[in-house]
Amino acid sequence: SKQGGANDSANQSVSAAYNFEGRSISARAFDAYTNTEDPAFSELVTRERRWQNTAGASALLKTGRSLIYGLDGQHTVHKYLSRTLGSFLNRYEQTFGGSVGVALQPKTKVFAAYHRNIIHYSASRAANSKGHSLDLGIDGDITPLLHGKISGGMHYRKYDNPAGSVTQEFVTWQTGVDLKYRLARRTELTLGAFRSVSESTFGTNRFSLSNGVNLGIRHSLRKVQLGADAGITIDRYPESSTTGGISANRRDDTYSWGLSGHYKIRDWLSSGLF
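Residues numbered from 1 in each chain as written. Predicted model: local features only at pLDDT ≥ 70, side-chain atom pairs only at ≥ 80, totals over all residues. Heavy atoms only, no water.

**Q** Could you give me a rundown of the overall build of the protein chain, with the residues and numbers involved?
**A** In terms of helices and strands, the protein chain carries two helices and 14 strands. Judged by the C-alpha coordinates and their principal axes, the protein chain covers about 60 × 50 × 35 Å. Going through the 274 residues of the protein chain one by one, you find that 30% of them count as buried. For the protein chain, the proportion of contacts with a sequence separation of at least 24, taken over those separated by at least 6, is 45%. Within the structure as shown, the protein chain displays about 17100 Å² of accessible surface, and the carbon and sulfur contribution to it stands at 58%. Positive and negative side-chain charges in the protein chain, numbering 33 and 23 respectively, have mean positions lying 6 Å apart. (Helix = DSSP H or I, 4+ residues; strand = E, 2+ residues; numbered from the N terminus. Buried < 20%, exposed > 50% of the residue type's maximum accessible area, 1.4 Å probe, protein only. Contact = heavy atoms within 4.5 Å. Areas by Shrake-Rupley, 256 points an atom, 1.4 Å probe, with all protein chains shown as cover. Lys, Arg positive; Asp, Glu negative; His and termini not counted. Charge placed at Lys NZ, Arg CZ, Asp CG, Glu CD.)

**Q** Give me the lowdown on the pattern of salt bridges, citing residues and values where you can.
**A** Evaluated as defined, the whole model comprises nine salt bridges. Salt-bridge contacts for Arg 157 lead to Glu 199; the nearest nitrogen and oxygen are separated by 2.9 Å. Of this pair, Arg 157 sits in strand 8 (residues 146–159) while Glu 199 is found in strand 10 (residues 187–199), placing the two residues 42 residues apart along the sequence. Each member of the pair, Arg 157 together with Glu 199, is buried. (Salt bridge = Lys/Arg side-chain N within 4 Å of Asp/Glu carboxyl O.)

**Q** Go over the pairing of strand 10, please, and point to the residues and values.
**A** Note: strand 9 (residues 169–184) against strand 10, nine bridges, orientation antiparallel. For Tyr 181, the partnering residue across the bridge sits in strand 10 and is Leu 189. Between strand 9 and strand 10, which follow one another and run antiparallel, lie two residues. Relative to strand 11 (residues 207–221), strand 10 runs antiparallel, the two being bridged by 13 bridges. The residue of strand 11 that forms the bridge with Leu 189 is Ile 217. (Pairing = 2+ DSSP bridges.)

**Q** Quick one: what's the story with the environment of Trp 257, residue by residue and with numbers?
**A** Tracing the backbone through its elements, the reader meets Trp 257 in strand 13 (residues 246–266). For Trp 257, a relative accessible area of 70% translates into the label exposed. In the structure, Trp 257 is positioned 246 residues away from Asn 11 in sequence and 21 Å away in space, judged by C-alpha atoms. Trp 257 has contacts with Asp 229 and Ala 230, leaving out every residue within four places of it along the chain.

**Q** Describe a nonpolar patch on the surface, listing the residues and the values that go with them.
**A** A cluster of nonpolar side chains, namely Tyr 18, Phe 20, Ile 25, Leu 61, Leu 67, Tyr 69, Val 100, Val 102 and Leu 104, defines an oily patch on the protein surface of about 790 Å² accessible area. Elements supplying a minimum of two residues to the nonpolar patch: strand 1 (12–21), strand 4 (67–80) and strand 5 (91–105). It is strand 5 that contributes the most residues to the nonpolar patch, three residues altogether. The exposure class of Leu 67 is partly exposed, given its relative accessible area of 32%. (Patch = residues over 30% accessible without salt bridge, like charges linked within 9 Å, V, L, I, M, F, W, Y side chains within 5 Å.)

Keep in mind these values describe shape, not function.
Here's what the structure looks like:
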């Protein structure tokens, strides 16, 4: 590629998981490691090498015919190799909580979930925070042709250290949508959408609000599956900054699209092009 010294990179990822399925209880434990670079179009502008490791576990308990109880938690470590950037972004994030669901049918449930969120920076940056998330949703076969998960709720966050007039405490709504619709016997449509809170180092901003939507289509031809995707993500920053004598709030719009193809060699083996 042009300017290979700045643009070329080799990235690695590895993950492992263990799943258990019983008559009344199911459980999962996992670990996922990634060694990569932030893209040039991210908030950081230039690529920066980092690694991230996420470990977690979850369990579901079914009682009677309809009630389902869940517990889950995960711990994520972020580490940037740059000392300067590491002092701003090296941190760990913890999320843990539980849910209560009611089975509408064998493969569909409605649920309410609560999670505690903790973010702690390993350096001296005054951006440690604690929060609460409450969500309601539905998961499973929503209709005979529509499968997936829809959730929505509220997120509350409070920072441990005040920082002048910078936002110290806030409440925002959040959502997550992951749906698959069987348009025809060989054709499937996908819809993904989200609203979430992301960490930030831009100016005095300690966080940004991300909103995104992605649409996709998959079509199968015997052993070949073709796909196309398109999406947009909008990041909004709550604190204004001044450039050239003009004060405004930063907003990033990121557009993406992609094509893919998969070839099924065996039931257990396939190849793909993205």
